[in-house]
Amino acid sequence: MRVSEKCVGCCQCAAYCPYGAITVFGAALMSEKCVECGLCIAYCPVSAISEGE
Amino acid sequence: MKVAIIGAGLGGLLAGAKLSKAGYEVEVFERLPFIGGRFANLEYKGFKLSTGALHMMPHGSRGPLAQLLREVGAHVTIIDSNPMAVIRKENGESIEFNDFRKELPVTKRVKLGTILAYSLKFKPKGDIPFRDWILKYFDDEFLLRLADSFCGWSLSLSAKDTPAHEVLEIIDNMYRYKGPGIPVGGCGAVTGSLADIISSNGGRIHTKVCVDKIIVDGDRAKGISANGKTIDADLVISDIGHTETSRMYECRDKTYSGKLEKIRSSGGIKICLSCDEPLIGHSGVLFTPYAERINGINEVTNADPALAPPGKHLVMSHQAVLSDDLRSEIALGLSDLKKLFPDKKYEILFIQSYSNGWPVNRASSGGDIGNTTPVRNLYIVGDGAKGKGGIEVEGVALGVRNVMKEIGVG
């Protein structure tokens, strides 16, 4: 998944990620554990996550 | 009468509960997959973290939010914090918040009493910042640091960015409503209970539905368009702030548009910690005026142990964001925690930051522009339209109360 500069770092994606693939320090960072399921997209309040590398 | 509510955050749900109880046909539209906005629980590793706000109501069981919850019949238990707050001094000792005057020399203490009594009655005119207002009377490092700690914790602002009249309104409210409390079950228990009330009164809440337009005819809203579908309404209430709402219709009112440009949001950083042994040991706020960034901390498991897995405590620190370099602001917060609890063991669960489109407050305290819009039956609730002197969610409740008064719902 791709995280844009709109990300504020609220951690909603990280909490809902079933794979524990997202760490957050000021902004979300996708790890290699990400399986591109796309669940995080819906939970982002600022539409900062999209599909793609 | 049919009402369409945009956003299922605390403001939208409070308005929905109140109106559905008064017989309105309520429909709430939320774009996210869950309700509660920045006043919801966030489950993580068995902890009940929160999406935004801390699990705390600034005026506890006696405050405006608690009052409104009681009025609509929400079943929420609020445990008032005791002590309400404690201040960590420079030497590491702690004193009760109400005793802060004792830290001042006698002459300053007497002067503070007189000035405060006078200023609460005759609030300063204009927008003099709280910091400048203090400096007018006192040159005192402790008072200035305490002011920053208090404004940062309560409003995510530094004292130089908070209008003095707003802080004095807050002090008034502290005398009136008293100190904070913790809702059992956290933020999610409050918003969940409001959603139940709306449903039991026949209202509907839709998640994953995005409102893209408010349909306006002349100076009246006729309804909304959500996921491309038109929904008629006699009344529209928006919980997404003035600015975002104004983008959903053609706003021709220049005075209003001018006011929108002046709205500033406030940003903050919340660090969530897990620990086996308590770091604080009480359910009140720990103000940390001598920390570099952190303004205050609470340990909600002292009031509601179920917010953490058995044997664990949940601690949350809050700091206003003082520079554009978010990562270094976070690093300073983490280093503060190390210095505040040098011998304690804790694990960092989440570092949550809030700004821009998902801030602490859509309109920073003292910069609210009220609840009405140029469209007569379109009102704004939530943290973008709080009532005077209302800290965070208490301000949201006061704002909802203002709207109910305008509509004529008692």
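Draft legend 1. Representation of the overall build of chain A in the model. Broken down by element type, chain A carries two helices and four strands. Walking chain A from its N terminus toward its C terminus, one meets helices and strands in the order β-α-β-β-α-β. Relative to its length of 53 residues, chain A is compact, with a C-alpha radius of gyration of 9 Å against a globular reference of 10 Å. Of all 53 residues assigned to chain A, the portion counted as buried reaches 47%. Taking contacts inside chain A between residues at least 6 apart in sequence as the whole, the part at least 24 apart equals 47%. Carbon together with sulfur atoms contributes 55% to the accessible area of chain A, which is approximately 2700 Å² in total.

Draft legend 2. A look at unusual backbone geometry. All names here are of chain B. Look at the link from Asn82 to Pro83: it is a cis peptide, with omega at 0°. Of note, Pro83 is situated in the loop between strand 5 (78–80) and strand 6 (85–88). One non-glycine residue, Glu392, lies in the positive phi region at around 40°. Note on placement: Glu392 falls in helix 11 (residues 392–407).

Draft legend 3. Here's a closer look at the packing of aromatic side chains. All names here are of chain B. Per the stated rule, a full pass over the model turns up 12 aromatic pairs over all chains. Between Phe130 and Trp133, the ring centres sit 5.9 Å apart and the planes meet at 15°, which makes this aromatic pair stacked. Separated by three residues within a single helix, Phe130 and Trp133 lie in helix 4 (residues 130–137), roughly one turn from each other. Neither residue differs from the other here; Phe130 and Trp133 are each classed as buried. Both rings, one in Trp153 and one in Phe287, keep their centres 6.4 Å apart while their planes meet at 80°; by these two values the pair is edge-to-face. Of the two residues, Trp153 sits in helix 5 (residues 141–155) while Phe287 sits in strand 15 (residues 285–287), which places them 134 residues apart along the sequence. Overall, Trp153 belongs to the buried group, its relative accessible area being 15%. The structure contains a cluster of three or more aromatic residues connected by ring pairs, namely Phe97, Phe100, Phe150, Trp153 and Phe287. Stacked on the ring of Phe138, the Lys or Arg Lys111 has its end atom at 5.1 Å from the ring centre. Here the basic side chain of Arg176 rests over the ring of Tyr177, its NZ or CZ set 5.7 Å away from the ring centre.

Draft legend 4. Focus on the side chain of B:Arg88. Residue and element names in this part refer to chain B. Considering the arrangement of structural elements, one finds Arg88 in strand 6. Polar contacts involving the side chain of Arg88 include one to the main-chain carbonyl oxygen of Leu340, which spans 3.3 Å. When residues no more than four places from it in sequence are discounted, the contact partners of Arg88 are Glu93, Ser94, Leu286, Phe287, Pro289, Tyr290, Leu340 and Phe341.

Draft legend 5. Broad picture of the sheet that holds strand 6 of chain B. Residue and element names in this part refer to chain B. With respect to topology, seven strands assemble into an open sheet ordered 7-6-15-16-17-14-18, the strand pairing being mixed. Across the chains shown, the open sheet's two edge strands, defined by having one partner strand only, are strand 7 (94–96) and strand 18 (347–354). Here the strands of the sheet are splayed against their neighbours by 25° on average, with no regard to which way each runs. As paired strands, strand 6 and strand 7 are joined by three bridges and run antiparallel to one another. Following the sheet pairing, Ile87 is matched in strand 7 by Ile95. Of the strands in this sheet, strand 6, strand 14 (268–275), strand 16 (296–299), strand 17 (313–320) and strand 18 touch helix 10 (residues 326–340), which is tilted by about 40° from strand 14.

Draft legend 6. Main features of the interface of chain B and chain A. Listed per partner, the contact involves 22 residues of chain B and 16 residues of chain A. Between chain B and chain A, the buried area comes to about 1600 Å², and carbon and sulfur atoms account for 65% of it. The interface formed by chain B and chain A holds zero salt bridges in total. Between chain B and chain A we count five residue pairs in polar contact (both at pLDDT 80 or more) in total. Those elements giving two or more residues to the side of chain B that touches chain A turn out to be strand 3 (41–44), helix 10 and strand 18 of chain B.

Draft legend 7. Broad picture of the nonpolar core. With 75 residues, the main nonpolar core has A:Ile22, B:Leu49, B:Phe130 and B:Leu314 as its most contacted residues. For A:Ile22, the residues in contact, after removing those within four places along its chain, are A:Cys13, A:Ala14, A:Cys17, A:Ala28, A:Leu29, A:Met30 and A:Cys40. Counting 38 residues, the second largest nonpolar core, distinct from the first, contains B:Ile5, B:Leu65, B:Val76 and B:Val400.

Draft legend 8. Region of the structure containing the sheet that holds strand 12 (residues 229–232) of chain B. Residues and elements named next belong to chain B. Reading across the sheet, the three strands line up as 10-11-12 and stay open at both edges, with antiparallel pairing between neighbours. Single-partner strands in this sheet number two, and they are strand 10 (211–217) and strand 12. Along the sheet, successive strands turn relative to each other by an average axial angle of 30°, direction set aside.

Draft legend 9. Region of interest: the packing of helix 2 (residues 64–72) of chain B against helix 11 of chain B. Residue and element names in this part refer to chain B. Two numbers describe how helix 2 lies on helix 11: the axes approach to 7 Å, and their chain directions differ by 50°. Considered as vectors, helix 2 and helix 11 are oriented oblique to each other. Residue-level contacts link Pro64, Leu65, Gln67, Leu68 and Glu71 of helix 2 to Val393, Glu394, Ala397, Leu398, Val400 and Arg401 of helix 11. Of the residues belonging to the contact of helix 2 with helix 11, the class tally is seven nonpolar, one polar and three charged.

Draft legend 10. Broad picture of the pairing of strand 18 of chain B. All names here are of chain B. Among the eight residues of strand 18, six are classified as buried, and the element is accordingly described as predominantly covered. The pairing of strand 14 with strand 18 spans seven bridges and is classified as antiparallel. Across the sheet, the residue bridging to Leu273 is Ile348, located in strand 18.

Draft legend 11. Representation of the pattern of salt bridges. Residue and element names in this part refer to chain B. Enumeration according to the criterion identifies 21 salt bridges over all chains in this entry. Among the ionic pairs, Asp276 bridges to Lys312, the shortest N-O distance being 2.8 Å. Residue Asp276 is found in the loop between strand 14 and strand 15, and its partner Lys312 is found in the loop between strand 16 and strand 17; the two are separated by 36 residues along the sequence. What you see here is one network of salt bridges that share partners, running through Lys2, Glu27 and Arg204.

Rules of the game
Residues numbered from 1 in each chain as written. Chains lettered and ligands numbered in written order. Predicted model: local features only at pLDDT ≥ 70, side-chain atom pairs only at ≥ 80, totals over all residues. Heavy atoms only, no water. Helix = DSSP H or I, 4+ residues; strand = E, 2+ residues; numbered from the N terminus. Rg over C-alpha atoms; globule rule 2.2 N^0.38 Å. Buried < 20%, exposed > 50% of the residue type's maximum accessible area, 1.4 Å probe, protein only. Contact = heavy atoms within 4.5 Å. Areas by Shrake-Rupley, 256 points an atom, 1.4 Å probe, with all protein chains shown as cover. Phe/Tyr/Trp six-rings, centres within 6.5 Å; stacked < 30°, edge-to-face > 60°. Lys NZ or Arg CZ within 6 Å of the ring centre and 35° of its normal. Polar contact = N/O pair within 3.5 Å; in protein donor to acceptor, adjacent residues only side chain to side chain. Pairing = 2+ DSSP bridges. Axes fitted to C-alpha atoms, helices over the stretch in contact; angles between N-to-C directions. Buried area = accessible area lost by both parts, 1.4 Å probe. Salt bridge = Lys/Arg side-chain N within 4 Å of Asp/Glu carboxyl O. Core = buried A, V, L, I, M, F, W, Y, C linked by side-chain atoms within 4.5 Å. Parallel < 35°, antiparallel > 145°, perpendicular 65-115°, else oblique. Nonpolar A, V, L, I, M, F, W, Y, C, P; charged D, E, K, R; others polar.

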